[in-house]
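Chain by chain, the residues run as shown.
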Amino acid sequence: MNGVDLRPLLLSFEVATLATILAAVIGITGAAILANFRFPGRDILDVLFTAPMVMPPTVLGYYVLVALGRNSVIGHAFEALTGSSIVFTLTGAVIAATIGAVPLVVKNVRAALEETDATLILAARTLGATRLRAFFSVQLPLATRGIVAALMLAFARAIGDFGVTLMVAGDIPGKTRTASLAIYSAIQGQREGEATTMVVVLTFLVLSLLYAVGKLTARRPR
Amino acid sequence: MAIAAVAAVAIGVLGVLATACGKSGGGDGSRRGEPLRVAAAADLALAFAEVGKAFEASSGKKVEFSFGSTGLLAKQISEGAPYDLLAAANASYVDDVVRSGACIGDTKALYARGRIVLWSSDPAKLPAGLEGLRDPKLVKIALANPEHAPYGLAAKQALERSGLWASVEPRAVYGENVQQTMMFAQSGNADIAVVALSLAVTLPGGYVAVDPALHEPLDQTLVVCKGGSAGGKPNEARAFVAFVGSEPGRAIMRRYGFLLPGEALLPPK
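Residues numbered from 1 in each chain as written. Chains lettered and ligands numbered in written order. Predicted model: local features only at pLDDT ≥ 70, side-chain atom pairs only at ≥ 80, totals over all residues.

(A) Main features of the sheet that holds strand 4 (residues 109–114) of chain B. All names here are of chain B. Spatially, five strands are ordered 2-1-3-10-4 in an open sheet, and the strand pairing comes out mixed. A single partner strand is all that each edge strand has here, and the edge strands are strand 2 (63–68) and strand 4. Taken pair by pair, the neighbouring strands of this sheet meet at an average axis angle of 20°, ignoring direction. The pairing of strand 1 (residues 36–41) with strand 3 (residues 85–87) spans three bridges and is parallel. (Pairing = 2+ DSSP bridges. Helix = DSSP H or I, 4+ residues; strand = E, 2+ residues; numbered from the N terminus. Axes fitted to C-alpha atoms, helices over the stretch in contact; angles between N-to-C directions.)

Shown next, in the form of structure tokens:
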């Protein structure tokens with residue numbers, strides 16, 4: 001263990017935490033819309049939210065570079081405002097990790113919301129609650145278990161992102177070199193010991209998360 | 001019942017795959033009809049594509065390239081990847097693959113010496129020399145990962161020896177290999193890149209050569225490999241090596257800015 005650089009693991013935790021928060025905001029909003037509203041284009045919105053799960057990371061990385069790169073409108077404006085670019089920074093790494101995590105949140109939270117008892121929501125509405133109030137004080141709390149499971153999955157996915165991160169984050173040690181990038185570098189640089197440490201930690205973490213997700217979703221009362 | 005049926009199908013599919021692999025993998029020249037597989041350093045991406053076409057035209061044999069960072073390719077070959085030849089961007093990784101037993105030591109040969117340059121898609125951003133990298137207007141400077149890409153290591157050495165590393169490092173971004181590094185600058189995401197002359201020479205934009213005395217020489221070395229478990233094509237690999245060293249091969253390599261063995265520019269080793 002001595003001499004092994006632990007910064008990539010810490011950075012991965014930071015990136016995955018921020019990405020999970022971001023994915024929670026985007027994903028729960030998306031899931032709420034998909035679960036509670038019928039409107040033209042709903043299926044298309046669903047496809048768009050799901051697409052990152054099955055699209056090659058290179059395609060996603062390319063989109064990010066084009067849409068948020070330093071020559072893009074958004075990238076340019078962001079750099080003018082904050083003085084730092086989106087790509088090659090922590091922001092870029094977080095966005096890369098978020099892209100993979102959002103579909104997992106949308107899919108699982110939507111399922112959890114759709115499983116809540118509609119009569120309870122209707123009861124809240126008849127008692128005078130607005131749609132928004134009924135959502136936040138009845139539907140969302142009822143779906144807590146599913147939401148927590150979805151966020152754990154999102155975290156597990158975010159901490160392991162490789163492809164998009166490799167393309168947009170710039171692999172900067174201490175700044176954007178996450179654990180999965182560091183493992184790749186360590187293997188190529190013939191530093192197996194370093195790779196093994198991070199591989200073991202990540203494997204253990206992701207397996208524990210999946211186990212916890214299994215427990216959470218299995219004990220759902222019928 | 002359903003599970004048993006699925007399992008039966010899965011076992012059947014695996015069986016077919018195993019037989020197919022067994023056939024293609026079975027020793028004595030059974031790779032007939034398959035191309036010569038060359039693992040080549042990313043700096044060769046443009047030059048070798050052209051050398052490959054000329055070789056195919058003159059020999060009638062097919063050759064396929066996999067370009068990547070030398071460190072990655074060497075690692076894959078040591079683990080049994082089916083390549084017939086490794087054309088590296090330096091010498092030390094070639095020693096590694098020979099030591100692993102995957103490649104044939106006495107076929108090791110120097111075939112070119114590489115050079116690094118500063119490259120930008122926008123010639124206005126291009127400084128007169130390395131010293132110009134101090135300019136804070138160059139917000140992002142791309143190099144290949146020095147840990148496993150020889151061109152990245154050379155770039156880092158040159159920056160260190162000119163006392164610029166402390167100024168450049170906070171602005172550095174790293175490509176997985178020298179080709180991706182080039183992409184960072186081509187797409188305008190990095191303002192400037194330290195890359196191989198062989199990639200910069202044919203592209204629009206501009207470049208400034210870096211003094212080769214500032215880094216360990218990029219002695220690009222090749223070695224014939226055993227092709228992993230499928231068996232190698234040593235004769236075709238040697239024919240390709242001979243073609244790289246022949247006048248038509250050298251002419252192409254020269255055009256991409258490589259210094260060649262036996263030519264005046266290459267100091268004796």
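And the narrative resumes.
(B) Up close: the interface of chain A and chain B. Facing 15 residues of chain A, the contacting portion of chain B comprises 15 residues. Here the side of chain A that touches chain B gets three residues from one element, more than from any other, and that element is helix 10 (residues 179–188) of chain A. Along the lines of polarity and charge, the residues of the side of chain A that touches chain B split into six nonpolar, seven polar and two charged. (Contact = placed C-beta atoms within 7 Å. Nonpolar A, V, L, I, M, F, W, Y, C, P; charged D, E, K, R; others polar.)

(C) Local environment of unusual backbone geometry. Residues and elements named next belong to chain A. Look at Phe88: it is not a glycine, yet its phi comes out positive at around 65°. On the secondary structure map, Phe88 appears in the loop between helix 4 (73–82) and helix 5 (90–114). C-beta crowding within 10 Å serves as the criterion here: with 28 such atoms nearby, Phe88 is assigned to the buried category. Although it is not a glycine, Asp171 sits at a positive phi angle of roughly 50°. Position of Asp171 among the secondary structure elements: in the loop between helix 9 (163–168) and helix 10. (Buried ≥ 20, exposed ≤ 12 C-beta atoms within 10 Å, placed from the backbone.)

(D) The domain arrangement of chain B, seen in detail. Residues and elements named next belong to chain B. Along its sequence, chain B is carved into domain 1 (31–113 + 218–255) and domain 2 (115–214). The gap between the C-alpha centroids of domain 1 and domain 2 is 26 Å. Across the boundary between the two partners, domain 1 contributes 15 residues, which contact 15 residues of domain 2. Looking at the side of domain 1 that touches domain 2, the elements with two or more residues in it are helix 2 (45–59), strand 2 and helix 3 (70–78). Broken down by class, the residue content of the side of domain 1 that touches domain 2 amounts to nine nonpolar, five polar and one charged. (Domains from an automatic or database assignment.)

(E) Representation of the pairing of strand 6 (residues 141–144) of chain B. Residue and element names in this part refer to chain B. Residues Ile141 and Leu143 of strand 6 are buried on one face, and the alternating residues Ala142 and Ala144, pointing to the opposite face, are buried as well. Of the strand pairs in this sheet, strand 6 and strand 7 (residues 172–175) are connected by four bridges, and their pairing is parallel. Within the sheet, the bridge partner assigned to Leu143 lies in strand 7 and is Tyr174.

(F) Main features of the packing of helix 5 of chain A against helix 8 (residues 144–159) of chain A. All names here are of chain A. Contact geometry for helix 5 and helix 8: axes closest at 8 Å, N-to-C directions at 160°. With respect to each other, helix 5 and helix 8 are oriented roughly antiparallel. Considering the relative orientation of helix 5 and helix 8, their crossing is right-handed. On helix 8, the residues that touch Ala97, Thr98, Gly100, Ala101, Leu104, Val105, Asn108, Val109, Ala111 and Ala112 of helix 5 are Gly146, Ile147, Ala149, Ala150, Leu151, Leu153, Ala154, Arg157 and Ala158. Taken together, the residues that form the contact of helix 5 with helix 8 break down as 14 nonpolar, four polar and one charged. (Parallel < 35°, antiparallel > 145°, perpendicular 65-115°, else oblique. Left-handed = near helix turned anticlockwise from the far one by under 90°.)

(G) Focus on the nonpolar core. Within the largest apolar cluster, 144 residues are counted, with the highest numbers of intra-cluster contacts made by Val105 of chain A together with Leu86, Ala87, Ile116, Tyr151 and Val195 of chain B. Ranked by the residues each element gives to this core, the list is headed by helix 5 of chain A, at 14 residues. There are two domains that each give this core at least three residues, and those are domain 1 (31–113 + 218–255) and domain 2 (115–214) of chain B. Ignoring anything within four residues of it in the chain, the contact list for Leu86 of chain B reads Ala39, Leu73, Ala74, Ile77, Val94, Val97, Cys103, Leu222, Val223 and Cys225 of chain B. (Core = buried A, V, L, I, M, F, W, Y, C linked by C-beta atoms within 7 Å.)

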